[in-house]
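Architecture and fold: a report
Letter by letter, the chains look like this.
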Amino acid sequence: MSAEFVFATAQYESGDWDSAPLLPANIIDTIARYTEIPVAPTGVIVPLSDARLFRYPLVYLTGHLPVRFSDAERTNVRAFVDRGGLLFVDDHNHDIDGTFHKTATEEIARTVAPLTELPNDHPLYSAFFKFDGPPTTSHELNGWGDNLVHKHLLAVQRRGRISVLYSNKDYSSEWNYHPDNKRFLSVDNTRFAVNLVVYALTA
Amino acid sequence: MSALDRLRRVRAVLIVGVVLRAVLWGTFVAISIIATVAIADAITPIGLTLRILLRAIAIVGGLAVGFTFLWRDRRVRELDRVALWIEERVPSLAFALVTAVEMSDSTFVVGVRSSDWTTLAWRRGFSRLAAPLAALLAASVVLLALPSGAVARAGRPRPGDSLARTSGTGANRIEPLVAEVRPPVYSGQRRQEIDEPRDVRALVGSVITLRGRGDANGVVATTSADTIRAASDADRWQITLRVSARPVAIRLTDGRHVRIVAVEPIVDAPPQVALTRPVHDTVLRTPSGRLPLAAEATDDYGIASASFEYIVSSGEGETFTFKSGVLGAVRASGKQLQLAATLSLDSLHLKPGDIVHLRAVAHDANDVGGPGLGVSDTRAIRIARAGEYDSVAVDAAAPPDAQQDVISERMLIMLAEALEKQRPRLAHDSVLHESQAIAADQKKLRRAIGDVVFTRLGGVPTGEEHTDDSPERAKTMQDMLARADSATNRSVDPVDFEGGESPVVAVNKPLLEAYNAMWDASTALELGEPDTALPHMRRALAAIQQARQAERLYLRGAPASVVIDIDKVRLKGKDKGASSARRPEMPIDSAASLRAVRLDRAIEVARTNSSAAADSLLLLRIDALADAPTFASALADAAAAVRRGDGAAATNALARARRVLVGSPVARDSLSRWGIIP
């Protein structure tokens, strides 16, 4: 495993895994901006069925289409979380009645365990920046998707540690912009990603 | 009635006597053996198997004795023997009766009274029955005097009859012990009783009832989650618990007496579902027609229902819509199911770009922790967009299974380099052996290259060469190309290397160069000359790389590549905060390490207290059942061996457990298969 943190995007067979192509660069920029964590300047794309998955402590998965793992992907993901990896799944549809949500939650339950609500005082929300819960996104505030503001993230926890983190908040849309455009924001909306990375590396 | 008729009546009376006597003696022998077994069992408990055997011996012994008596008196059926028997007892007949029998003429004994003969026969019969009747009576008295439980254990031995034993009563109420296992109704399995249970395997949801003799007061079962006090049932106690999904060690205590019963749950696995049609993902040019669907489902206890599910996703970018449905739903019973249905693509009103995701699902009949859901892999049927080429959509197929054992050229080069490096230290035979092994892999890879060329030209994948010894094999690049082209009839002049303009040449030239180089390399490797082979192998690798570079396709288009200048973002030299202190994760094998320590302790305890060591091994087994079944199996054998004092078997089982836990030592007497491990 490399000494520096590498942001990994999961590639899976059933859906549009590359629906947020600018997000990795944006998160890498954020990590570099706020922390001294050694970080690779580019992210990687790692197939879920590939043993390279085990090189990365945090793997990001998103998409709009149905999530149906193949046997090889399911076996690998199970081994990945067994070994302490954190899989961050974000619904790019921000819709709890959507197909991504239904199929992804079913697949996570089948592969790892059923998702439960993550309390808003979980250490994830204070791993670096202090949050009172998952930060809202412009997409849910604008009433897109399911027209809901989700108060909690969902998670599978093992021995008090998050193995799978699931979001309906559409961070994939919220964070999918070129990092140079951060200068137009009064408050950096990607700061929660720092908590994710720090939590994945330290918890 | 003639004399002969009267004689036949006497014979019938004698036969009845003989049969009754045989039956009485046989019954006496059988009852005697059972009574003896019952008495012995009351003194020292006899195992179930031996009791079943002894009961069989009692039955066979009784029959043998009875048949012996019948065989000895078999002559009673012969009329002349009966006549002689009467002549012995009535001398006044002066052989007239025997003569009458021989001549079949009753007139020889006219005037003789026959009633005396019948009386003689009855008297004889009763006198011969007295002894067996007395013996049988005595045996029956003994049998009746014994406790009914003891007689039942000897006469009708069955699993779970330990509680009927008369011996062993005392302060220890958890000895003897019987476990009754009642599986859940949906499984269709039968109730089971186990004597002296130590390791019970039962389906999740089963009800286990532990029973013992005596009052319930003070008998307690403790598990990691609960403490259960025994309930009274007549002169016995019983404890009932339900089998959960986790292995449990039940600690039964009665005062100072303790025993452990391990309960290993059998988890009802969800159905296994395979979608057999459609076989692959595919792209359709037009969204019409009917798509046949087929699936197979199997389950360990029974399938309750099954169906096909589909999701249609439409749209692109950020805008997607979905619709879903169910097809061919069936209620089922049995462990296997063939599912079939037809999907009408017209009814889905598909548009270009739409994707139909298909899968089969099956539920089992588990009404305890289920129902278990089994799903097949998903197949995607995509409707091509206008202007989209089919070839782009289908080229990304995974390599066929047959090629997965082929080692890459890069790895072969590493092997050859490692062999060349170690060559001065190895004997010639070793070098030759290893070199030929690499040559074999090189040949496999060369064949794969040949198949790729043929497949791309539309020919049969194995058309290039079936065996190395084939006289028609391709020996040169031109030969290979000519054979490939003749198989497909693609071009007029396939071997057009001069101008390099033939499309066949243009597409396949790098691969054909690789093919030729591999041929030279494998020839050198066959001779044990890796140094000669290496330049050819490197040439082959370069050609393969060239082919890959030339034909790389980006099905989704090249993704945007944004490289972050970390130093620039960090305004190098400025302190922008630090991450939290990192705590090391527990080692991956921490559980194995802990188990190794526990195993060592159990072995240490075995030196002084084998029973405690067996219990420790049993508890360790319960802990390991969920994630290390092989280790748990070895521990079960070890615990059993330790308990029965079999040191050799225990050592073997413990060694097996340790090998599973920490791995076997590795010994190498030649170059590693991979050649790069020092």
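Here's a quick rundown of the structure.

The rules behind the values
Residues numbered from 1 in each chain as written. Chains lettered and ligands numbered in written order. Predicted model: local features only at pLDDT ≥ 70, side-chain atom pairs only at ≥ 80, totals over all residues. Heavy atoms only, no water. Helix = DSSP H or I, 4+ residues; strand = E, 2+ residues; numbered from the N terminus. Contact = heavy atoms within 4.5 Å. Salt bridge = Lys/Arg side-chain N within 4 Å of Asp/Glu carboxyl O. Buried < 20%, exposed > 50% of the residue type's maximum accessible area, 1.4 Å probe, protein only. Pairing = 2+ DSSP bridges. Axes fitted to C-alpha atoms, helices over the stretch in contact; angles between N-to-C directions. Buried area = accessible area lost by both parts, 1.4 Å probe. Polar contact = N/O pair within 3.5 Å; in protein donor to acceptor, adjacent residues only side chain to side chain. Nonpolar A, V, L, I, M, F, W, Y, C, P; charged D, E, K, R; others polar. Core = buried A, V, L, I, M, F, W, Y, C linked by side-chain atoms within 4.5 Å. Parallel < 35°, antiparallel > 145°, perpendicular 65-115°, else oblique. Left-handed = near helix turned anticlockwise from the far one by under 90°. Patch = residues over 30% accessible without salt bridge, like charges linked within 9 Å, V, L, I, M, F, W, Y side chains within 5 Å. Areas by Shrake-Rupley, 256 points an atom, 1.4 Å probe, with all protein chains shown as cover. Expected span 1.5 Å × (residues − 1). 1 Å grid on protein atoms, 1.4 Å probe; cavity = no way out; pocket = protein on both sides within 12 Å on 5 of 7 lines; lining within 4 Å. Points joined across faces, edges and corners; volume = space filled by probe spheres on them. Phe/Tyr/Trp six-rings, centres within 6.5 Å; stacked < 30°, edge-to-face > 60°. Lys NZ or Arg CZ within 6 Å of the ring centre and 35° of its normal.

1. Quick word on the side chain of His150 of chain A
- Along the chain, His150 of chain A turns up in the loop between helix H4 (138-141) and strand E6 (154-158).
- Among residues more than four places away in sequence, those in contact with His150 of chain A are Ile96, Pro134, Glu140, Asn168 and Lys169 of chain A.

2. Looking at the pattern of salt bridges
Residue and element names in this part refer to chain B.
- The full count for this structure, using the stated rule, is 38 salt bridges over all chains.
- Between Arg158 and Glu193 there is a salt bridge, and its shortest N-O distance comes to 3.0 Å. Remark: Glu193 occurs in strand E2 (residues 192-195) and Arg158 occurs in the loop between helix H6 (148-155) and strand E1 (177-182); sequence separation between them is 35 residues.
- Arg158 gets classed as partly exposed once you look at its relative accessible area, which sits at 43%.
- The salt bridge partner of Glu196 is Arg259, with a shortest N-O separation of 3.0 Å. Of the two residues, Glu196 sits in the loop between E2 and strand E3 (199-203) while Arg259 sits in strand E10 (residues 257-266), which places them 63 residues apart along the sequence.
- Given a relative accessible area of 7%, Arg259 falls into the buried group.
- What emerges from the salt-bridge pattern is a single network uniting Arg158, Glu180, Arg191, Glu193 and Arg211.

3. Notes on the sheet that holds E1 of chain B
Residue and element names in this part refer to chain B.
- The strand order E2-E1-E4-E8-E7 describes an open sheet built from five strands, whose pairing is antiparallel. Every other strand in the sheet has two partners, leaving E2 and strand E7 (231-233) as the edge strands with one partner each. Averaged over all neighbouring strand pairs, the angle between strand axes comes to 30 degrees, with direction disregarded.
- Sheet topology note: the E1/strand E4 (residues 207-213) ladder contains six bridges and is antiparallel. Within the sheet, the bridge partner assigned to Val178 lies in E4 and is Arg211.

4. As for the interface of chain B and chain A
- Contact with chain B, which involves 30 residues of that partner, is made by 44 residues of chain A.
- Of the roughly 3,300 Å² buried between chain B and chain A, counting both surfaces, carbon and sulfur atoms make up 54%.
- Inspection of the chain B/chain A interface yields one salt bridge.
- Among the ionic pairs, Arg359 of chain B bridges to Glu106 of chain A, the shortest N-O distance being 2.8 Å.
- On inspection of chain B and its partner chain A, the count reaches seven residue pairs in polar contact (both at pLDDT 80 or more).
- Elements that contribute at least two residues to the side of chain B that touches chain A include exactly strand E14 (303-316), strand E15 (319-331), strand E17 (355-364) and helix H13 (566-569) of chain B.
- Its residues assigned to classes, the side of chain B that touches chain A shows twelve nonpolar, seven polar and eleven charged.

5. What about the environment of Arg11 of chain B?
Residues and elements named next belong to chain B.
- Relative to the elements of secondary structure, Arg11 occurs in helix H1 (residues 3-43).
- The exposure class assigned to Arg11 is partly exposed, which follows from its relative accessible area of 23%.
- A C-alpha to C-alpha distance of 6.9 Å links Arg11 and Arg77, two positions 66 residues apart in sequence.
- When neighbours within four sequence positions are excluded, Arg11 is seen to be in contact with Val76, Arg77, Leu79 and Val82.

6. Focus: the sheet that holds strand E9 (residues 248-254) of chain B
All names here are of chain B.
- Pairing within the open sheet is mixed, and its five strands lie in the order E3-E10-E9-E5-E6. Taken across any chain shown, the strands that pair with only one partner, and hence form the sheet edges, are E3 and strand E6 (227-229). On average, each strand axis in the sheet is tilted by 25 degrees relative to the strand beside it, whichever way the strands run.
- Strand direction decides the pairing type here: strand E5 (residues 219-222) and E6, joined by three bridges, are antiparallel. In the strand pairing of E6, Val220 is matched with Arg229.
- Here helix H15 (residues 610-624) sits on the sheet and contacts E3, E9 and E10; the angle it forms with E10, its principal contact strand, is near 25 degrees.

7. Focus: the nonpolar core
Residues and elements named next belong to chain A.
- Formed by 41 residues in total, the largest nonpolar core has its most connected members in Phe88, Leu124, Leu165, Trp175 and Phe192.
- Take this core: its biggest share by element is nine residues, from helix H6 (residues 191-202).
- Contact partners of Phe192, with chain neighbours within four places excluded, come to Leu124, Tyr125, Phe131, Pro135, Leu153, Tyr171 and Trp175.

8. Looking at the packing of helix H2 (residues 71-82) of chain A against helix H3 (residues 99-111) of chain A
Residue and element names in this part refer to chain A.
- At a minimum axis separation of 10 Å, H2 and H3 run at an interaxial angle of 65 degrees. Of the possible angle classes, the one that applies to H2 and H3 is roughly perpendicular. Read as a crossing pair, H2 and H3 show a hand that is right-handed. Residue-level contacts link Arg74, Val77 and Arg78 of H2 to Glu107, Arg110 and Thr111 of H3.
- Grouping the amino acids of the contact of H2 with H3 by side-chain chemistry returns one nonpolar, one polar and four charged.

9. What about a nonpolar patch on the surface?
Residue and element names in this part refer to chain B.
- Together, Val19, Val23, Ile59, Leu63, Phe67 and Leu70 line one region of the surface with nonpolar side chains, adding up to about 530 Å² of accessible area.
- Of all elements in the fold, only H1 and helix H2 (48-72) reach the threshold of two or more residues within the nonpolar patch.
- The topology assignment puts Val19 in helix H1.
- Val19 gets classed as partly exposed once you look at its relative accessible area, which sits at 38%.

10. A few points about helix H8 (residues 409-422) of chain B
- Spanning 14 residues, H8 of chain B covers 20 Å between terminal C-alpha atoms, matching the ideal 20 Å at 1.5 Å per step.
- All buried positions along H8 of chain B are accounted for by Glu409, Leu412, Ile413, Leu415, Ala416, Ala418, Leu419 and Gln422 of chain B.

11. Concerning the pairing of E6 of chain A
All names here are of chain A.
- Two elements, strand E5 (residues 116-117) and E6, share two bridges in a ladder whose sense is antiparallel. The partner of Thr116 across the bridge, within E6, is Ala155.
- Relative to strand E7 (residues 161-167), E6 is paired through five bridges, and the arrangement is antiparallel. Counted as the bridge partner of Arg158 is Arg161 from E7.
- Between the end of E6 and the start of E7, which pair antiparallel, lie two residues, with Arg159 showing a positive phi angle near 50 degrees.

12. Here we look at empty space enclosed by the protein
Residues and elements named next belong to chain A.
- As enumerated under the stated definition, the model contains one cavity of 30 Å³ or more in all.
- Considering only enclosed or pocket space, the largest cavity measures out at about 40 Å³ in volume.
- Along its surface, the largest cavity is lined by Phe7, Leu23, Ile27, Leu58, Phe88, Trp175, Ala193, Leu196 and Val197.
- Residue assignment for the lining of the largest cavity shows that the elements contributing at least two residues are helix H1 (23-34) and H6.
- For the lining of the largest cavity, the element with the most residues is H6, which contributes three residues.
- Classifying every residue of the lining of the largest cavity by side-chain character gives nine nonpolar, no polar and no charged.

13. Quick word on the packing of aromatic side chains
All names here are of chain A.
- Under the counting rule described, the total for this entry stands at eleven aromatic pairs over all chains.
- Centre to centre, the rings of Phe131 and Phe192 are 5.5 Å apart; their planes meet at 85 degrees, and the pair counts as edge-to-face. With a gap of 61 residues between them, Phe131 in the loop between E5 and H4 and Phe192 in helix H6 connect regions that are remote in the sequence. You'll find Phe131 and Phe192 in the same group, each marked buried.
- Ring geometry for Tyr171 and Trp175: centres 4.7 Å apart, planes at 25 degrees, overall stacked. Accessibility assignment for this pair places Tyr171 and Trp175 in one class, buried.
- Put simply, the rings of Tyr125, Phe131, Tyr171, Trp175 and Phe192 touch in pairs and so form one group of aromatic residues.
- A cation sits over an aromatic face here: Arg83 above Phe54, 4.3 Å from the ring centre.

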